Amino acid sequence: MIAGVIAVVLLLAVAAYACGGGTDYGAGFWDLTAGGAERGKRPRWLIDHAMAPVWEVNNVWLIFVLVIMWTGFPVFFQQVFVTMWLPLVLAAVGTVLRGAGFALRKPARRLAGRRLYGAVFAVASLLTPFFLGAAAGGVASGRVNATTTASTDAWANPTSLLFGLLAIAATASLGAVFLAADARRFAAPDLDVYFRRRAWGALAGLAVLAVITLVVTHGDAPHVWHGLTHGVGLFFVVVAALATAATAWLLTRPAGAWSRATAVAAVASSVLAWGMAQRPYLIPTSLTVADGAGAHSTMRWLGFVTLVALVLVIPAVVLLYWLDTHGELEGLTDADLRRAGTGDEG
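Residues numbered from 1 in each chain as written. Predicted model: local features only at pLDDT ≥ 70, side-chain atom pairs only at ≥ 80, totals over all residues. Heavy atoms only, no water.

Going by the annotation in an unreviewed UniProt entry, the name recorded for the protein chain is Cytochrome d ubiquinol oxidase subunit II, with Streptomyces sp. 900105245 given as the source organism. If you open the UniProt record of the protein chain and go to Sequence similarities (unreviewed entry), you find "Belongs to the cytochrome ubiquinol oxidase subunit 2 family." (UniProt positions renumbered as here; feature names shortened; annotations may be inferred.)

Participant: What's the story with the nonpolar core in this structure? I'm lost.
Facilitator: In a soluble, globular protein the nonpolar side chains are often hidden away together inside. Counting 87 residues, the largest nonpolar core has Trp 30, Phe 73, Phe 76, Met 84, Leu 179 and Phe 195 as the members making the most contacts within it. Take this core: its biggest share by element is 14 residues, from helix H1 (residues 2-32). Those residues in contact with Phe 76 that lie beyond four places of it in its chain are Leu 10, Met 69, Val 139, Leu 282, Ile 283 and Leu 287. (Core = buried A, V, L, I, M, F, W, Y, C linked by side-chain atoms within 4.5 Å. Buried < 20%, exposed > 50% of the residue type's maximum accessible area, 1.4 Å probe, protein only. Helix = DSSP H or I, 4+ residues; strand = E, 2+ residues; numbered from the N terminus. Contact = heavy atoms within 4.5 Å.)

Participant: Would you mind going over the confidence of the model for the protein chain with me for this structure?
Facilitator: On average, residues of the protein chain carry a pLDDT of 87, and 92% of them reach 70 or more. With pLDDT under 50 throughout, residues 332-338 is counted as low confidence; its partners more than four residues away or in other chains account for two contacts. (pLDDT = per-residue confidence, 0-100.)

Participant: Just checking my understanding: could you explain helix H4 (residues 74-83) for this structure?
Facilitator: For an α-helix, the turn length of 3.6 residues means that residues three or four places apart are oriented alike. If you check which residues of H4 are buried, you get Phe 76, Gln 79, Val 80 and Thr 83. Across the axial projection of H4, the buried residues extend over an arc of 95°, all falling on one side. Structurally, H4 contributes buried residues whose contacts are with H1, helix H3 (59-72), helix H5 (85-105), helix H6 (111-140), strand S1 (281-283) and strand S2 (287-288). (Arc of directions from axis to C-beta.)

Participant: Help me understand the environment of Leu 132, please; the structure alone is not making it clear to me.
Facilitator: Within the secondary structure, Leu 132 is located in helix H6. When the C-alpha atoms of Leu 132 and Gly 36 are compared, they prove to be 28 Å apart, with 96 residues separating the residues in sequence. Beyond its immediate chain neighbours, meaning those up to four positions away, Leu 132 contacts Tyr 17, Tyr 25, Leu 88 and Ala 91.

Participant: Hey, could you run me through the packing of helix H2 (residues 41-51) against helix H8 (residues 189-220) in this one?
Facilitator: How two helices pack is summed up by the angle between their axes together with the distance between the axes. Taken N-terminus to C-terminus, the directions of H2 and H8 make an angle of 90°; their axes are 11 Å apart at the nearest point. Taken together, H2 and H8 sit at an angle that is classed as roughly perpendicular. Judged by residue contacts, Arg 42, Pro 43, Trp 45 and Leu 46 of H2 engage Asp 190, Leu 191, Tyr 194 and Phe 195 from H8. Taken together, the residues that form the contact of H2 with H8 break down as six nonpolar, no polar and two charged. (Axes fitted to C-alpha atoms, helices over the stretch in contact; angles between N-to-C directions. Parallel < 35°, antiparallel > 145°, perpendicular 65-115°, else oblique. Nonpolar A, V, L, I, M, F, W, Y, C, P; charged D, E, K, R; others polar.)

Participant: What should I look at first to understand the packing of H6 against helix H7 (residues 158-185) in this one?
Facilitator: Between H6 and H7, the shortest axis-to-axis distance is 7 Å and the interhelical angle comes to 140°. Compared by their axis directions, H6 and H7 come out oblique. Note on packing geometry: the crossing formed by H6 with H7 is right-handed. Note on element contacts: H7 touches H6 through Thr 159, Ser 160, Leu 161, Phe 163, Gly 164, Leu 165, Ala 167, Ile 168 and Thr 171, opposite Leu 126, Pro 129, Phe 130, Gly 133, Ala 134, Ala 136, Gly 137, Gly 138 and Ala 140. Counted by class, the contact of H6 with H7 contains 11 nonpolar, seven polar and no charged residues. (Left-handed = near helix turned anticlockwise from the far one by under 90°.)

Participant: I tried to follow the packing of aromatic side chains on my own but got confused; where do I start?
Facilitator: Working definition: an aromatic ring pair is given by the centre-to-centre distance plus the angle between the planes. Overall, the coordinates contain 13 aromatic pairs when judged by the stated rule. With a centroid separation of 5.7 Å and 65° between ring planes, the pair formed by Trp 45 and Phe 186 is classed as edge-to-face. Here Trp 45 is found in helix H2, whereas its partner Phe 186 is found in the loop between H7 and H8, with 141 residues between them in sequence. Exposure remark for Trp 45: the relative accessible area of 32% places this residue in the partly exposed category. The interplanar angle of 75° and the centroid separation of 5.3 Å between the aromatic rings of Phe 235 and Phe 236 together place this pair among those described as edge-to-face. On the basis of relative accessibility, which here comes to 18%, the residue Phe 236 falls in the buried class. An aromatic cluster of at least three residues, connected via ring pairs, comprises Trp 70, Phe 77 and Phe 81. The positively charged end of Arg 198 is found above the aromatic ring belonging to Tyr 194, 3.6 Å away from the centroid. (Phe/Tyr/Trp six-rings, centres within 6.5 Å; stacked < 30°, edge-to-face > 60°. Lys NZ or Arg CZ within 6 Å of the ring centre and 35° of its normal.)

Rendered as structure tokens:
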């Protein structure tokens, strides 16, 4: 019982990271495709202002996922990281590089430095979700087990490649939807139109890739395909499809106030559909949740610590997002600092 609850918490944490971290990766994707220095100046200006207050906090969910994996499901953790060490290492390096690139781009005084750091941030934002998605595809297709050694086939197979592309499309759609909303907040109607158009394109690509993935998993990951087309898994697939359609429709409205909520619902439901489709397995069809769980005493303490962590973290994260979306976390400009200095002297 406790193992099943912890497994659900793990899945919810993955969904939270896919939505929170995915929005940041999506912003990096649009930074990469914004064009040259002059053409991409305004989109990159918005990306910098929109990401600055919240981009670091989204990695909390990634840490949460790793802690639950190695503490609650050590066999699962070992098998995944032994088999998938290469894509996971590349994803970890990408996470570090994108953070460093984003943090160093703005204070860099030379144009060459800003271009270098910006390129690192943007390229890493594309590659990191791809490799995370590819690793998830290897798990979903059952290519990870106790006897599997690290090999390219574990993560460079049809399901893994499609999961990687789905991760990029999902993050791109999230990023574009959120940036369009931020453009309205910053009173930049040209950027609102700019990112809404890109959101429609990303949502169309996401829908096409989702259909292709469903077809491919029929032969390459039959257990997951069955779960996606039956029961609870099918329910979340339908929710994801409806949320995607609702997001596309809301983006046609002048305000589009609920587009962010529906975009998050689409991505979160997709992750939940995958998790529910794998039941009762952590790794189809070789490792069940019960078999992969740690000792009962460990699971009880993990459940207690997880509850405490959620009580502390979720309200803080919700408050941070509320303050950000209401414009309460805008950084001080040089003009603000000069005015403050003048006031102090008086």
